[in-house]
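Below are the chains, spelled out letter by letter.
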Amino acid sequence: MSTVPSQLHEALLLLFRNRPELAPELLRDALHIELPSYTEVRLESADLTEVVPSEYRADLIVLLVDGEPVLAIVVEVQLARDDRKRFTWPVYVVGCRARFECPAVVLVVTPTESVARWAATSIALGPGSVLQPLVIGPDAVPVVTDHAAATREPELAVLSALAHDADPPEQAAPVALAALAACLGLEDERALLYSDLLRALLGAATRSALETLMQSQGYEFQSEFARRHTAHGKAEAVLAVLDARGLAVSAPERERILACTDLATLEQWVRRAVTAGSASELLG
């Protein structure tokens, strides 16, 4: 991918932070790992200093719980080969096992197939002792092109788009389109965040093929997305004017303003907010 590495690293981690269930689902569905029964998935502090003599901090720790911890998943985003990680990954696994008193694995996520092959090599700890990293590379990430499936699992859809960005553009574009379509079903903050990540991190070839695909299908994602977020911006402007004038806005009034998507109405409210004597007068 032709991206700023730190941006891509944080973007991939963000998907797991926003949806911790993504880690066990990839282990089960993509790598076919048999998982223990669990009723809860939660994030834990990635600081392992308390159980090892030096400071070690993993990217992310996802804990599967069934009354008590049953599996600790150390999620590591790896953009390039780093031989030092073959010494620190075992520390993360042992540290998690001691801290949570349950089995632990390291799950390496990478957008590069060569890094995936390197990371998947078993790590010899000593005679008769081996650690096997579990690796999700581009080939292991499901290709999500179905819009309904993408809407059900938007984080997986975005991960799929980023992982398959290096595929031929005609194959990568439908995956990116499904990820963008999934954003329409999200709340504004997460929708903007994911769509901005896709625009920033997808390569030029995929973006060009995506635009062509959208035009050929008469797809109105861009206009719909722009309308929604233009409306949200205008609603925020109405509230800002009322707040600056010291006018109280009740919770139902605030909800009604933020829920409005009619641009003409919002434009009218923006103008009236300057002179209205109250929020109820504005909305009336």
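As a reminder, the structure under discussion sits directly above these lines.
Residues numbered from 1 in each chain as written. Predicted model: local features only at pLDDT ≥ 70, side-chain atom pairs only at ≥ 80, totals over all residues. Heavy atoms only, no water.

J.: Tell me what's going on with the packing of aromatic side chains, and back it up with residues and numbers.
T.: This model, assessed by the stated rule, comprises one aromatic pair. Ring geometry for Trp 89 versus Trp 118: centroids 5.7 Å apart, planes at 50 degrees, classification tilted. In this pair, Trp 89 sits in helix α3 (residues 85–100) while Trp 118 sits in helix α4 (residues 113–119), placing the two residues 29 residues apart along the sequence. When its relative accessible area of 0% is taken as the criterion, Trp 89 is described as buried. Given the relative accessible area of 8%, Trp 118 is considered buried. (Phe/Tyr/Trp six-rings, centres within 6.5 Å; stacked < 30°, edge-to-face > 60°. Helix = DSSP H or I, 4+ residues; strand = E, 2+ residues; numbered from the N terminus. Buried < 20%, exposed > 50% of the residue type's maximum accessible area, 1.4 Å probe, protein only.)

J.: Which residues make up the pattern of salt bridges, and what are the values?
T.: Using the criterion set out here, one finds twelve salt bridges in the structure. The salt bridge involving Glu 25 is made with Arg 19; its shortest N-O contact spans 2.7 Å. Across the pair, Arg 19 and Glu 25 agree in class, each one buried. Between Arg 42 and Glu 44 there is a salt bridge, with its nearest N and O atoms 2.8 Å apart. What makes Arg 42 partly exposed here is its relative accessible area of 30%. (Salt bridge = Lys/Arg side-chain N within 4 Å of Asp/Glu carboxyl O.)

J.: Go over the sheet that holds strand β4 (residues 104–109), please, and point to the residues and values.
T.: With mixed pairing, the five strands of this open sheet are ordered in space as β1-β2-β3-β4-β7. At either end of the open sheet lies a strand with only one pairing partner, and these are β1 (40–44) and β7 (134–136). Geometrically, the sheet is characterised by an average inter-axis angle of 25 degrees between neighbouring strands, direction not taken into account. For strand β3 (residues 69–77) and β4, the ladder comprises six bridges, and the chain directions are parallel. Paired with Val 74 across the bridge in β4 is Val 106. Each of β1, β2 (60–65), β3 and β4 touches α3; the most contacted strand, β3, lies at about 155 degrees to it. (Pairing = 2+ DSSP bridges. Axes fitted to C-alpha atoms, helices over the stretch in contact; angles between N-to-C directions. Contact = heavy atoms within 4.5 Å.)

J.: Talk me through unusual backbone geometry; I want residue IDs and the actual numbers.
T.: At His 32, a position not held by glycine, the phi torsion is positive, near 60 degrees. When you line up the elements, His 32 lands in the loop between α2 (22–30) and β1. With a relative accessible area of 64%, His 32 lands in the exposed category. Of note in this structure, Glu 101 is not a glycine but carries a positive phi near 55 degrees.

J.: Now, about the side chain of Arg 19: what can you tell me, with residues and values included?
T.: With respect to the element layout, Arg 19 can be found in the loop between α1 (5–18) and α2. A residue is classified by how much of its surface remains accessible, and Arg 19, at 16% relative accessible area, is buried. Of the polar contacts made by the side chain of Arg 19, one reaches the side chain of Glu 25; its length is 2.7 Å. Once residues within four sequence positions are removed from consideration, Arg 19 is found in contact with Glu 25, Glu 153 and Glu 155. (Polar contact = N/O pair within 3.5 Å; in protein donor to acceptor, adjacent residues only side chain to side chain.)

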